[in-house]
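# Structural features, examined
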Amino acid sequence: MSINITNEGFFNSHFLAEKTRDNPLIRVMALHALAYCERLFYLEEVEEIRVADANIYAGRRLHEGLDKGSKKYTLELASQELGIRGKVDYICTNAGELIIYEHKKGRSNKGNQAWPSDYLQTTTYGLLVSEHFNRPVKELRIRYHADNKTIVIPFDLNKAKNEILKAVKRARELRSCLQRPPVNVPENLCRTCSLAPVCLPEEEHFAAEGKEKPVRLFPAEDERRVIHILEQGAFISKDGYQIIIHLPDGEKKAISTAHISSLVLHGNVQISTQTIHFCAANEIGIHWLSYGGHYVAALQRGAGFVQRHHRQYDAFCKPFFTTLLIARLCQAKVENQLKYILRLARAKRSTPVQNKKTLEATINAIRHEIKAIARIEKTLSKADDGDIVEYDKLTGEMRGHEGRAGREYFKALACILNLEKDSFLYFDGRNRRPPRDPFNALLSFGYALLYKDCVAAIQAVGLDPCFGFFHTPRSTAYPLALDLMELFRVIMWDMPLIASVNRKQWRKQDFEITGKQVWLNKEGRKKAIILYENRKKEKWKHPVLKYSLSYARTIELEARLLEKEWTGSPGLFARLRLR
Ligand code: SF4
């Protein structure tokens, strides 16, 4: 028999048109995910979250490397009647009979069976092929390469049709839901699931059951790099799988896209449209910062995220919920400020007496604010549904406590740094917009870098950064990114910055002074970026989850834990504390 290979270009445009329909066909691979875990189906198919991990690349390589032989064919098929579409990798004809092959990298189930998800996937291919050629498939063969087993499954058209229609029905039900299905599969399935770093099943069990120590399925570090481009007049283009940085002096630098997590363009740096398209399609972030370090914009992918945004809006419209989150966020921020000040004070051997008194007063003042926030949190935790609670008033009070604690914190920092008045880094409290001294310029620049990473983490999780719970909406910055930043200001920037000041790493020549405004110049910005990026790579042990991960990953983890506050596993956000 002859088989006509479907024109791939035609089929791709058909798939694109499919996406715009109200009830698009379901991908066969989505049914595979459904049989594995309903939550996996939901994350991939409904929320469009796909993570290509090492297993997935290995699977792709396996398929690319297989010798199809002369009698094996690949077809892309769709069936309106069944409501599915997919690419059948190997159809073989043997004595006029149709046989479907599916290759899997892993092991078979108990050495003699197919896994349910593989069975459903291959059976669906059988149905598609039967319908396309209007004749039944003889059998399905699943080849498991890890244990070298081929499982042969006789094909029963009616049985297959019933099973697939049932699965398609369930898939459509899930597709119309706004809520993610719960984590409800054996732990061993989660350990090999590519979406575990997004789903965080172990953390869900930990939050729900108080499991002693969750296994870390969330990657400890991101091996890809953030590329900052500071050279004014540079141009960025793409060549295949390489990003090319064209420097103004004619020099070119090529970096493999596999090694880049995001590009940060400082000031007058151009980028080609093709590069922007490529970055959007391959989850490489692009952030634009002004020459002076202000955050300007980020590349945001279109569509997707609808369900996540809905759930976020729903949650943030509940005053009880947001007020409690604010209490936890303020508590975490101010406690970290206090712990850092105490740590610095212990480390400083000879603080002048005058400063010691001021320092003690500021420490007491911060403690006072912490107690006040804790009292509000207690009131909120005890409140019942029917109680009349003045949420706006409590929120205002907490903003006051947090603001006062912040002022005391910077006063304490000034005491501890104890720099001479004629030192170019002399610090006498926080000022900004614009910073009026080098130390404040450093603080502002580091916070801008941190803000960029908070925006990136929020985008990676698929939340809407415009809609926060603590910071009020404003046009210059995303409120949710500012909210998330509060957890990291001390840990990610104040600590490495103060350490660098103590090491005397800064020079007057690192700054530019224009009237009353102070900025970091190119050399200063380079130093600050290196300091910040190195801090991100450092690992620490999360005090609640008790596993180690880099600070860079911690930002994304907190953004994911924040989302869990309204998706069924609350209690883990904003619990990170300095030791
Ligand atoms: S990590 Fe587990 S619960 Fe989450 S999607 Fe994967 S298999 Fe399902």
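Here is what the cut-offs are and how they apply
Residues numbered from 1 in each chain as written. Predicted model: local features only at pLDDT ≥ 70, side-chain atom pairs only at ≥ 80, totals over all residues. Heavy atoms only, no water. Helix = DSSP H or I, 4+ residues; strand = E, 2+ residues; numbered from the N terminus. Contact = heavy atoms within 4.5 Å. Pairing = 2+ DSSP bridges. Axes fitted to C-alpha atoms, helices over the stretch in contact; angles between N-to-C directions. UniProt positions renumbered as here; feature names shortened; annotations may be inferred. 1 Å grid on protein atoms, 1.4 Å probe; cavity = no way out; pocket = protein on both sides within 12 Å on 5 of 7 lines; lining within 4 Å. Polar contact = N/O pair within 3.5 Å; in protein donor to acceptor, adjacent residues only side chain to side chain. Points joined across faces, edges and corners; volume = space filled by probe spheres on them. Nonpolar A, V, L, I, M, F, W, Y, C, P; charged D, E, K, R; others polar. Near = heavy atom within 4 Å. Buried < 20%, exposed > 50% of the residue type's maximum accessible area, 1.4 Å probe, protein only. Expected span 1.5 Å × (residues − 1).

## Some words on the environment of L230
- Inspection of the secondary structure assignment puts L230 in the loop between β7 (225-229) and β8 (235-239).
- L230 has contacts with H266, R525, K526 and I529, leaving out every residue within four places of it along the chain.

## Regarding the sheet that holds strand β13 (residues 285-289)
- One open sheet accounts for four strands, arranged β7-β11-β13-β14; its pairing is mixed. Of all strands in the sheet, those bounded by a partner on one side alone are β7 and β14 (295-298). Averaged over all pairs of adjacent strands, the angle between strand axes in this sheet comes to 20°, irrespective of strand direction.
- Across five bridges, the pairing between β7 and strand β11 (residues 260-266) is parallel. Residue pairing in the sheet places V226 in a bridge with S262 of β11.

## Examining the sheet that holds strand β9 (residues 242-246)
- Pairing within the open sheet is mixed, and its four strands lie in the order β10-β9-β8-β12. Lying at the two open borders of the sheet, with one neighbouring strand each, are β10 (252-256) and β12 (270-271).
- In terms of strand pairing, β9 meets β10 through five bridges, oriented antiparallel. Bridge pairing links H246 to K252 in β10.
- Here helix α10 (residues 273-281) sits on the sheet in contact with β8, β9 and β12, set at roughly 65° to β8.

## Side note on the UniProt feature "binding site: Mn(2+)" (unreviewed entry) in the chain
- In the numbering adopted here, UniProt assigns the feature "binding site: Mn(2+)" (unreviewed entry) to E402, H471 and E486. Across 85 residues of sequence, these annotated residues stay compact in space, with a maximum C-alpha separation of 11.9 Å. Taking the annotated residues in turn, E402, H471 and E486 line the second largest pocket.
- Leave out the neighbours within four places in its chain, and H471 touches R399, P479, L482, D483 and E486.
- A polar contact of 2.6 Å, which involves the side chain of H471, links it to the side chain of D483.
- Mapped onto the elements, E486 comes out in the loop between α16 (479-485) and α17 (489-502).
- When sequence neighbours within four positions are dropped, the list of residues in contact with E486 reads L329, K333, E402 and H471.

## What about empty space enclosed by the protein?
- In total, this model carries one cavity of 30 Å³ or more according to the counting rule given.
- Forming the walls of the largest cavity are 14 residues, and the residues nearest its centre are C37, V185, C190, C193 and C199.
- Listing elements by their share of the lining of the largest cavity, those giving two or more residues are α3 (38-46), α7 (187-191) and α8 (196-199).
- Tallying contributions element by element places α3 first for the lining of the largest cavity, with three residues.
- Along the lines of polarity and charge, the residues of the lining of the largest cavity split into 13 nonpolar, no polar and one charged.

## Remarks on the site of the ligand
- Around the ligand sit Y36, C37, R39, L40, V183, V185, C190, C193, A196, C199 and P201, and those are all the residues in its vicinity.
- Counting only elements with at least two residues in the shell around the ligand, the list comes to α3 and α8.
- Here the residues of the shell around the ligand are counted per class, giving ten nonpolar, no polar and one charged.

## Focus on the environment of D89
- Structurally, the position occupied by D89 is in strand β3 (residues 84-94).
- Residue D89 is classed as buried on the basis of its relative accessible area, which comes to 19%.
- As for D89 and E76, which are separated by 13 residues in sequence, their C-alpha atoms are 8.4 Å apart.

## Regarding helix α18 (residues 522-537)
- In this model, α18 (16 residues) spans 23 Å end to end at C-alpha, consistent with the 22 Å of a helix rising 1.5 Å per residue.
- Every buried residue of α18 is accounted for by G524, R525, A528, I529, L531, Y532, E533, R535 and K536.
- In this structure N521 caps α18, since a side-chain oxygen of it lies 3.2 Å from the backbone nitrogen of E523.

## Things to note about the pairing of strand β6 (residues 149-154)
- As paired strands, strand β5 (residues 139-144) and β6 are joined by six bridges and run antiparallel to one another. Following the sheet pairing, R143 is matched in β6 by T150.
- Adjacent in sequence and paired antiparallel, β5 and β6 are bridged by four residues, among which N148 carries a positive phi angle near 55°.

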